[in-house]
Every structure is written in C-alpha cells, then in structure tokens.
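Structural overview
Below are the chains, spelled out letter by letter.
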Amino acid sequence: MPTDASAREPAGVGPPRPRSGMRDRMADLVIRVSPLVVFVAFVVWLGQAFADDRRWLDVGTEAMYIAAAVAGLNLLLGFTGQLSLGHASFFVVGAYTGAVWAPESWGLDPWLGFPAALVIGALLGAILALMCCHLRGLYLTVVTFAFGGLVVPVVSAFPSIFGAATGRSVAEPLEVAGLPGSRDDPFLGLYHLSAVYLLAAVVFVANVARGRWGRAYKAIRESETAARACGVNAYWYKVSAFAASAGIVSGAGVLAAERFL
C-alpha cells in the first residue's frame with residue numbers, strides 16, 4: 001500500500017499547483033508592447049517612404065504632437081474626469097517658453113527649451129489647479145474656460161514680449177537635422193522628434209494609469225465622495241493630474257512652434 005501523504009489524498013485535494021506566472025507575465029508584456037512596436041514600425045516606414053515630401057512630413061509631425069497633447073489631456077479628463085477647456089493655453093505657454101524665450105531671452109540651449117517648457121507648463125497648471133480644483137463639475141469647467149480666454153488679451157497687452165497678434169518667430173531652432181535617420185533634413189528630423197515625444201508621453205500616461213496614482217485618479221472619476229471616504233486626498237491628486245497634463249501639453253507646444261519656422 002502507498003504510504004506517502006500525497007497518495008492517500010483524494011482527488012482534487014492537496015496543495016494547489018503553481019500557475020504559469022511567467023507565461024501570464026510574458027503574455028501581458030506582449031499585449032502592452034505590441035502597439036508600440038507597430039507604431040514605431042509605421043513611423044519609420046512613413047518617414048522613409050515620404051522623406052522627400054514635405055507635405056506628408058508636416059501632416060505626420062502635426063498629427064504626432066497633437067496626439068501627444070491629447071495623451072496629456074487624457075490624463076486629466078480620461079482618468080480623473082476633470083474637463084478643462086483651457087488646455088490650449090498651455091500649448092501656447094510651451095511654444096513661447098521652450099522655442100522662443102528659453103533660447104532668446106534666457107540664453108539657454110534650444111534643446112533645454114523642452115524641459116523648460118515642461119516645468120513652466122506644469123507649474124502654471126499646478127497654480128491654476130490650486131485655485132480651482134476645489135470646484136466640481138461645471139464650475140471647474142467654467143474657470144478653465146475663463147483661463148483659456150485670457151490668452152488673447154494678455155498677448156495683446158504685452159506686444160514686446162509676445163509679439164502682439166502676429167506672435168514671435170523662432171530665431172534659434174532645434175538642431176534636428178542630425179538626428180538618426182534624418183538624412184540632414186530638418187523636417188524629417190522634427191518628424192522623428194515628434195514621434196519620440198509622442199511615444200514618451202503615451203508610455204508615461206500608461207505607466208501612471210497602471211500604478212497607485214492611476215487607481216486614485218479613476219476612483220475620483222467614478223465618485224469623488226467615495227474616493228475621499230476611502231482615504232484618497234482628491235484635491236491633491238487632482239492638482240497633480242492637472243500639473244502633469246499641462247506639462248505634457250506644453251511640451252507638444254514646443255514642437256508646434258518648431259514646425260512653423
């Protein structure tokens with residue numbers, strides 16, 4: 001007769017068998033990475049196929065920096081449920097800060113305009129959020145709409161800084177012609193730079209969404225009252241989402257300014 005314990009246990013009883021955790025993790029990784037791989041392959045193909053056609057390069061560049069701005073807006077609207085009608089202002093802030101003021105007025109390298117735009121945009125977004133994120137629903141939307149409406153009056157009031165209604169041109173553009181695969185073509189270089197920025201924005205938003213902050217954002221979106229009851233500091237989480245979203249949109253504004261050289 002068998003004497004070991006496993007032989008005496010009836011069928012279906014005993015310690016659970018280890019699941020194929022590695023296989024599940026690999027499948028999850030493939031599902032997450034596959035869209036990015038397809039995107040990179042498409043961007044490379046389009047850039048090489050239309051390298052001599054500025055019209056298509058402009059269309060691709062514009063599509064990618066607008067998509068990056070949408071990814072930033074999705075962090076606020078899609079995950080926290082906060083509707084902002086003033087995010088176009090951060091687009092303008094990023095364009096002036098990163099492409100005009102940083103190299104001309106502040107004497108920074110044009111490449112440092114990107115982090116400058118991200119930081120200034122996030123700080124301005126945080127300041128706006130600190131003033132209005134205690135509001136909910138339509139009241140928050142109205143405040144952000146009013147903030148967006150201030151852009152034209154402010155630009156008109158300080159023509160020496162903003163260049164009045166015609167704006168200011170970019171005097172020191174980014175040296176993008178030397179980027180890998182750009183063939184010394186600035187338009188193709190800006191196209192590739194926009195693709196990199198879009199990829200970085202999407203990966204950042206996806207990682208935030210999968211973490212603790214993302215779960216808090218979604219809880220606020222579903223029910224702010226229930227989120228507060230569970231210990232989520234809704235006010236500061238909304239401020240952080242607003243700041244991160246504004247920073248991403250400001251970075252996209254730099255690419256928009258570089259495109260209109």
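Here, every reference points to the structure presented above.
Note on numbering: residues in each chain are counted from 1, in written sequence order. pLDDT decides what is reported in this predicted model: residues at 70 or higher carry local features, side-chain atom pairs at 80 or more are listed and counted, and totals for whole chains, interfaces and linings draw on all residues regardless. Hydrogens and water molecules were not included; the side-chain quantities draw on all heavy atoms of the structure.

1. Considering the overall build of the protein
Scanning the protein for helices and strands turns up 12 helices and zero strands. Secondary structure elements are taken from DSSP: a helix is a run of H or I of four residues or more, a strand is a run of E of two residues or more, and numbering for both begins at the N terminus. Ordered by position in the sequence, the α and β elements of the protein form the string α-α-α-α-α-α-α-α-α-α-α-α. C-alpha atoms define the radius of gyration in this analysis, and the globule rule sets the expected value at 2.2 Å times the number of residues to the power 0.38. In terms of overall size, the protein is more extended than a compact globule, its C-alpha atoms giving a radius of gyration of 24 Å where 261 residues would be expected to give roughly 18 Å. Taking the principal axes of its C-alpha atoms as reference, the protein extends roughly 95 × 50 × 30 Å. Within the protein, the proportion of its 261 residues that are buried is 39%. Exposure is judged per residue with a 1.4 Å probe applied to protein chains only, and the accessible area is read against the type maximum: over 50% gives exposed, under 20% gives buried, and values in between give partly exposed.

2. Description of the pattern of salt bridges
Between Lys or Arg on one side and Asp or Glu on the other, a salt bridge is scored when a side-chain nitrogen of the former is within 4 Å of a carboxyl oxygen of the latter. Enumeration according to the criterion identifies six salt bridges in this entry. A salt bridge links E62 to R259, with the shortest nitrogen-to-oxygen separation between them at 3.3 Å. Residue E62 is found in helix α3 (residues 54-80), and its partner R259 is found in helix α12 (residues 234-259); the two are separated by 197 residues along the sequence. Between E224 and K238 there is a salt bridge whose closest N-O contact spans 3.4 Å. Placement of the pair is E224 in helix α11 (residues 224-229) and K238 in helix α12, with a sequence separation of 14 residues. You can call E224 buried: its relative accessible area is 10%. Classification of K238 as buried rests on a relative accessible area of 0%. Residues participating in the shared-partner salt-bridge network are E224, R228 and K238.

3. A word on the packing of helix α4 (residues 87-105) against α12
Interhelical geometry of α4 versus α12 gives an angle of 55 degrees and a closest axis separation of 6 Å. For the element pair α4 / α12, the angle class is oblique. The two elements α4 and α12 cross, and the hand of that crossing is right-handed. When α4 is examined against α12, the residues H87, F90, F91, G94, A95, G98 and A99 are found in contact with a partner set consisting of F242, S245, A246, V249, S250, A252, G253, V254, A256, A257 and E258. Amino acids outside the nonpolar list (Ala, Val, Leu, Ile, Met, Phe, Trp, Tyr, Cys, Pro) and the charged list (Asp, Glu, Lys, Arg) are all regarded as polar, and Gly is one of them. Grouping the constituent residues of the contact of α4 with α12 by class yields 11 nonpolar, six polar and one charged. Orientation is described by lines fitted to C-alpha atoms, with helices fitted over the stretch in contact, and by angles between N-to-C directions that extend from 0 to 180 degrees. Here roughly perpendicular refers to angles of 65 to 115 degrees, roughly parallel to angles under 35, roughly antiparallel to angles over 145, and oblique to all remaining angles. Helix crossings get a hand from a simple test, with the near helix turned counterclockwise from the far one by less than a right angle marking a left-handed crossing and a clockwise turn marking a right-handed one. What makes two residues a contact is simply this: any of their non-hydrogen atoms within 4.5 Å.

4. Brief notes about helix α6 (residues 138-149)
The length a helix should cover is 1.5 Å for every residue beyond the first. Taking 1.5 Å as the rise per residue, α6 with 12 residues should run 16 Å; its terminal C-alpha atoms sit 16 Å apart, in good agreement. Buried-residue contacts for α6 involve α4, α5 (113-132), α7 (151-157) and α12.

5. Considerations on α12
When the terminal C-alpha atoms of α12 are compared, their 38 Å separation across 26 residues agrees well with the 38 Å that a helix rising 1.5 Å per residue should span. Counted residue by residue, α12 has 23 buried out of 26 residues, so it is predominantly covered.

6. Comments concerning a nonpolar patch on the surface
Residues W106, L108, L112, L118, V119, I120 and L123 make up a contiguous nonpolar surface patch of about 590 Å² in total accessible area. With respect to the secondary-structure elements, I120 resides in helix α5. Assessed through its relative accessible area of 34%, I120 is described here as partly exposed. Like-charged residues within 9 Å of one another, or nonpolar side chains (Val, Leu, Ile, Met, Phe, Trp, Tyr) within 5 Å, are grouped into patches, provided each residue has over 30% relative accessible area and no salt bridge. A 1.4 Å probe and the Shrake-Rupley method give the accessible areas. Residues count as covered only by the protein chains that appear here.

7. Digging into the packing of aromatic side chains
Within 6.5 Å between ring centres, the rings of Phe, Tyr and Trp (the latter by its six-membered ring) count as paired, and their orientation is classed by plane angle as stacked under 30 degrees, edge-to-face over 60, tilted in between. Tallied over the entire structure, the rule returns 14 aromatic pairs. With 6.2 Å between their ring centres and 90 degrees between their planes, W45 and F50 make a pair best called edge-to-face. Judged by its relative accessible area of 26%, F50 falls in the partly exposed class. Chaining the aromatic ring pairs together yields one cluster made of F42, W45, F50 and W56.

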